[in-house]
Each structure stands twice: as structure tokens, then as C-alpha cells.
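Single-letter residue listing:
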Amino acid sequence: MDSKTFYGNKGNDQAVRAIPSDSEDSELDGSESEDSEGQDSQEEWIPESGEGMSIENDTESVNEEEDEDEDVVEVANPGPPRWKTVHNPSCNPYPEWQGVSRSDEILSPLQYFQQFFSEDILESIVQQSNLYAMQNNPNKPLNLTTKELEQFLGTVVYMSLFGLPRTRMFWNKACRVSQVADTMTLNRWEAIKKYLHFSNNEDRQEEGNDPLHKIRPLVTHLISKLKSIPMREKLAVDEQMVPFKGRSRLKQYLPSKPKKWGYKILVLAGSDGVPHNFEIYTGRAVHPPELADIGASGNVVLRLAQPIPKQENYKLFFDNWFTSVPLVLTLAQQGIHTIGTVRCNRLPGVNLKCDAELKKKGRGSFEEKMAIVGETTLHVVKWYDNRTVSLLSDYAGAYPVNEVERWDRKQKLIMNVPRPAVVKEYNKNMGGVDLLDSLIALYRIKIRSKKWYHRLVFHFMDMIIVTAWLLYRRDCEGTGMTRKEEMRLYTFKSYIAEGLQKSGKSLERKRGRPSLTIAGEYEEKRRKGPATPIPIPAVRLDATAHWMVMDEKKGRCKVPGCTGTPKAKCRKCDVHLCFISTSNCFLRFHTE
């Protein structure tokens, strides 16, 4: 899909040529041969020249006379960056992070989960699901409650842990799973899944043509919750694929990904995997007018980076689909330092050595060039390992150079290869989104559905559970707990499922045709003749201070239909009730 079709047209005041929409992997072993990169995707950019600029052009600098056209951003003082080769190695001062790293007290797995799926969003889902059921068939209301929705979500989490290929197999006698089958019947579970809804269909015309109208309230709620999570110093922006092969116009095909078909989500996450913001690829995005327009891919980073505190020296990493000189300069003005792999045709005025020259020098050879634009110092490093890779940064360069072990196929031995500092920093902190993906894939919810948005909803559940576990590990680390003492993801997820199913719920489940309740049977008995009064349902079912005591005399059990004469009675209700192995009238009287 063309990126201009997705991101829309840019404003008339600034215009940058569109960046190619083919996404490349963020690993550093990708080839960046200058011969293979087309010049059609080059962004033409002219920075503002600083008054105190002391760096001269390199001997191989390009011609300063450039043709001005409509695709060039107009600035006050035009002129390309003045790059020069770094001959005197020096270590750049590391920008000290101004943020605060804090951890909270350790909570239960269910409490971490409920910080994201709170009571207000669950009530909204219940309301919209009941409304959707009435819109489909007024004669068959769903009558869904918040507690029953939590039980449904608990069974969904259990299904991801057991991993049976079909949902009906959890109720099958041959492979029955009691954690799912004993919670609710198959017909009820499928009815809730069928009518699970998040937005009123009748409001779609009023809100405009939003491709994510079906799940917009849930997406907005989760993004607001993720933005409130305290951030660490190192952050990364990368793509995330939600596996899906059904019919949807939002489905994408990325051949370089392990899961090639699915929904594409752009995620801002910390180096520890905790997400802080995300954006679903829908084919068109509205860029906020208060943000600079620097091109299709750069605008994505600016939108995702909005929750990052400004002027606190946060470090942001991204791959070569996003990286450009205007993006690095724009984020530097906000006090956000960056490192990213970059395509050579996005570096105006830079003439780096070709791949053949670096290969001739041997494995580990590199070249660094530097330029000063205003108050920002730009570093470009091209490094040859198995293949060449170029990186652009505003705070890290090639020095200090360290060594890394590599296997030499020809000599059949392990050798030490020089590695620039910017490469080490990038490799160490770029994998936050990939870590999040790998944890989600361990116990992914794989429930099939005919509704396209169910796949996204179940993915958000997986992502939130993994996020809750990562926050739990962060809090454990803050209290000094060792890794062996921490709860594993499987156990953490099972505790969430159990809490959703049982916390605050009655474990009694009716089977077969529904029978009359205690109140209904009592009214039936009153029609036949006089009956001893019993407490009203508001008192009888309040589950508060109903203590069993033993009376001196026996009395008739007050449960209709029971002929027992027990001594046991309820102290609060002041009625005799059977409490024996064959008849537990005490429990039935206070729950039905």
C-alpha cells in the first residue's frame, strides 16, 4: 500500500518526498549497498546553518547548487549540512538522563491487569454488547453482566494457556478442560463471543469514516493507560504484526516478517519491552497540526513520541524505515536523543566509502563523518561486519571502539572484530518491541472469529497481560527480589485467569433447565396455604454476617420442598436450615 494513501497529503507550507513503504528489518545485517538503493525515494532536505558552524566540507562534497522545487522544505538560510571525516578520535559526552526511575509496591496479578481493563471499560463493553444483541434480535436479550464478562475473559486467557486447536474441544468429553467448562456452558460462551461489542453501530455516521470504529473506545482507553506508565531512559519505535489471514481491508503483507499476513501496529516501547504508545496502520492517519511535517515515516515517530517528556535526555531508537536527518533534528529540539540505522540516500551531502572499499580493509572497518547543524552534532557511521550498515545519531559516534566476537567461516575460528560505540548502543536498546512480540507469541490467544476486530481485541489482551507481567518484574527488581523468586509468565497469566473467574463471583453454576429460586418456590408455597415469612431477598442474599448457630430445639427447614427438621439455623435470618452432607439448604437459601 502506498504510504501517501495511508498517511494523507502533507501541508502546503512544507513538503518532503514520500519515503518508500517497503519495511526492512531492524537488524544490523541488512545490506545497504549504494548501488541497490534507488534515488527516487530520496528526501531532499536543507537544514538551517548555525552561525558558529566550524566544520568544513569534505573533499568529496556534493555541489552546493541544488535545484529548488516544490518538494524542498523552504528555510531561512538554505545550504546542505557541512560534513567532514573524523580523523581525531574522541569520546562524545553522554547526555545524562533527567528522568526518575521508580518502582511501586508489588501487587497481585489481577490488580496489575485491572489497572488497564478497569471497571469503567468493562461496563462500557457490557452496555454495548447488550445493545448489539438487542439490535440483532429483540426477542433474545444477552443480559450480560460485568462479572460474567470477567468470567468470559478468564476462560479466554485459560484457552491461550492450554492451546487446543478448537474452542469447542474445551467442552468435549475427550479433552475437557475443567477450568473452562466448569465456568460457563458452551452455548453461553459462544453467545457472549457472538455479541461481544465495543461501539454503537448507529454512531458511525456521526463520527465519520473511522476504520477502527468498532474498537475505537477500547483503543483510546488502552492508549491512555499505556501513556501513564513511567518510562525508562531507553525507548524504541518499531513495527508489530498481529497474525491474521481473514478478510479485512486493514490486513497487510510484509514478506520480511515471520508472520507475513496480519494487522500492522507501530509501537513505542521501552528497552525492557513495556509499551507506552501504539498506532494501528489503517491506510490513513491524521497528523496533528502542532507537530512538524517531515515525511510519512518520520511523522509516525513524532506522533508516537508525544508522551515522552521533553528536555529530559530520553534516548529513542528506530530502524532505517523511519530514520532521516529532519527527524533527528526535530527530536533533538525536544531534548530527545536518537540513534537509527539509515539509508544512504537519506543523508544529503554525505559521501561515504563504498562497500567494496570497506570490505577490502577487512571485517570491522568503519568510517565516521560529522556535521554541526545549529546546536546539534550529527554523527554518521558506516560499519562493515558481514555486510555494511550505516547509522545516524545526535549523541553517539564511533568512539570508543570496542571488540565483539565473530565466527570466521574461512579460518574456522572465533575472531575479535572492532565495533563502533554507536552500533553497540543500538544493538543493546533497539529490541524492546521484538521482546514484547516474543513474549506475546508464547501464549497467544488463537480464537477464531468471523468478526475482523476480534483478532485485534484478543491481541490487546495478550499485550496487556505481558505488560502487566513486565511491570510486575520491574517492581520486583525495585524491591530486590531475585529472578528465581519472581513469578513466571505462565503462572502469572494463570493467576489472572483464575482471578477473573472466581474473584467476587459465586461458584454455583446451574445445569439443565433453570429451576425456581427460593423466592419463587416460597411464593408458590404461599399460594397453597399459610407459610412462615422469610427475610426479603435484599437481606437474605447480601452475603454479610449470615452465621450458623445451633438451636436448642429442632425446627422445620424453611427451604420450600425440604422436609428436614434441623437444629441449625441462621443467626441473622432467624430460620432453621439443613446443613448435612445430603442437603445443604443453608448455602442454597443464601445464594438463590
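Summarised in this report is the structure supplied together with it. (Residues numbered from 1 in each chain as written. Predicted model: local features only at pLDDT ≥ 70, side-chain atom pairs only at ≥ 80, totals over all residues. Heavy atoms only, no water.)

Structural notes on the overall build of the chain
From N to C terminus, the chain includes 18 helices and 17 strands. Within the chain, buried positions represent 51% of all 592 residues. Contacts in the chain between residues at least 24 apart in sequence constitute 64% of all its contacts with a sequence separation of at least 6. Accessible surface computed for the chain: about 30500 Å², of which carbon and sulfur atoms make up 47%. (Helix = DSSP H or I, 4+ residues; strand = E, 2+ residues; numbered from the N terminus. Buried < 20%, exposed > 50% of the residue type's maximum accessible area, 1.4 Å probe, protein only. Contact = heavy atoms within 4.5 Å. Areas by Shrake-Rupley, 256 points an atom, 1.4 Å probe, with all protein chains shown as cover.)

Section: the sheet that holds strand β15 (residues 575-576)
Two modes of strand pairing occur in sheets, parallel and antiparallel, and in both the strands are linked by backbone hydrogen bonds. Sheet architecture is open: three strands sit in the order β13-β14-β15, paired in antiparallel fashion. In the strand order of this sheet, the two ends are held by β13 (548-550) and β15, each with one partner. Where strand β14 (residues 568-570) lies against β15, two bridges are found, and the strand directions are antiparallel. Note that in β15 the partner of Lys569 across the bridge is His576. (Pairing = 2+ DSSP bridges.)

Comments concerning helix α4 (residues 146-162)
Its 17 residues place the ends of α4 25 Å apart at the C-alpha level, agreeing with the 24 Å of an ideal helix rising 1.5 Å per residue. Judged by how many residues are buried, α4 sits mostly within the fold: 15 of 17 residues are covered. Just downstream of α4, Gly163 is the residue with a positive phi angle, here 70 degrees. (Expected span 1.5 Å × (residues − 1).)

Some points on the nonpolar core
Formed by 79 residues in total, the largest nonpolar core has its most connected members in Leu149, Phe152, Ile215, Phe278, Leu456 and Phe460. At 17 residues, helix α14 (residues 452-478) tops the list of elements feeding residues into this core. Residue-level mapping places this core at the junction of two domains, with at least three residues from each of domain 1 (109-203 + 448-502) and domain 2 (231-441). Filtering out sequence-adjacent residues up to four positions away, Leu456 remains in contact with Leu212, Ile215, Val242, Tyr263 and Ile265. Formed by 22 residues, the second largest nonpolar core is a distinct cluster that contains Leu302, Ala305, Phe322 and Leu327. (Core = buried A, V, L, I, M, F, W, Y, C linked by side-chain atoms within 4.5 Å. Domains from an automatic or database assignment.)

Considering the pairing of strand β8 (residues 366-373)
Counting buried residues along β8, six of its eight residues qualify, which places the element largely inside the surrounding structure. Where strand β1 (residues 84-85) and β8 come together, two bridges link them in antiparallel fashion. Within β8, the residue paired with Lys84 across the bridge is Met370. Sheet analysis places β8 next to strand β9 (residues 376-384), joined by eight bridges and oriented antiparallel. The residue of β9 that forms the bridge with Met370 is His379. Between β8 and the antiparallel strand that follows it, β9, lie two residues; Gly374 among them carries a positive phi value of about 65 degrees.

A closer look at a nonpolar patch on the surface
Side chains of Trp407, Leu413 and Ile414 sit close together on the surface and give an oily, nonpolar patch of about 320 Å² of accessible area. Looking at where Ile414 falls in the secondary structure, it is placed in strand β12 (residues 413-419). (Patch = residues over 30% accessible without salt bridge, like charges linked within 9 Å, V, L, I, M, F, W, Y side chains within 5 Å. Salt bridge = Lys/Arg side-chain N within 4 Å of Asp/Glu carboxyl O.)

A look at the side chain of Thr376
Within the secondary structure, Thr376 is located in strand β9. Judged by its relative accessible area of 14%, Thr376 falls in the buried class.

Points about the environment of Arg343
Looking at where Arg343 falls in the secondary structure, it is placed in the loop between β7 (336-341) and α11 (355-361). Once the C-alpha coordinates of Arg343 and Asp319 are considered, the two residues, 24 residues apart in sequence, prove to be 9.6 Å apart.

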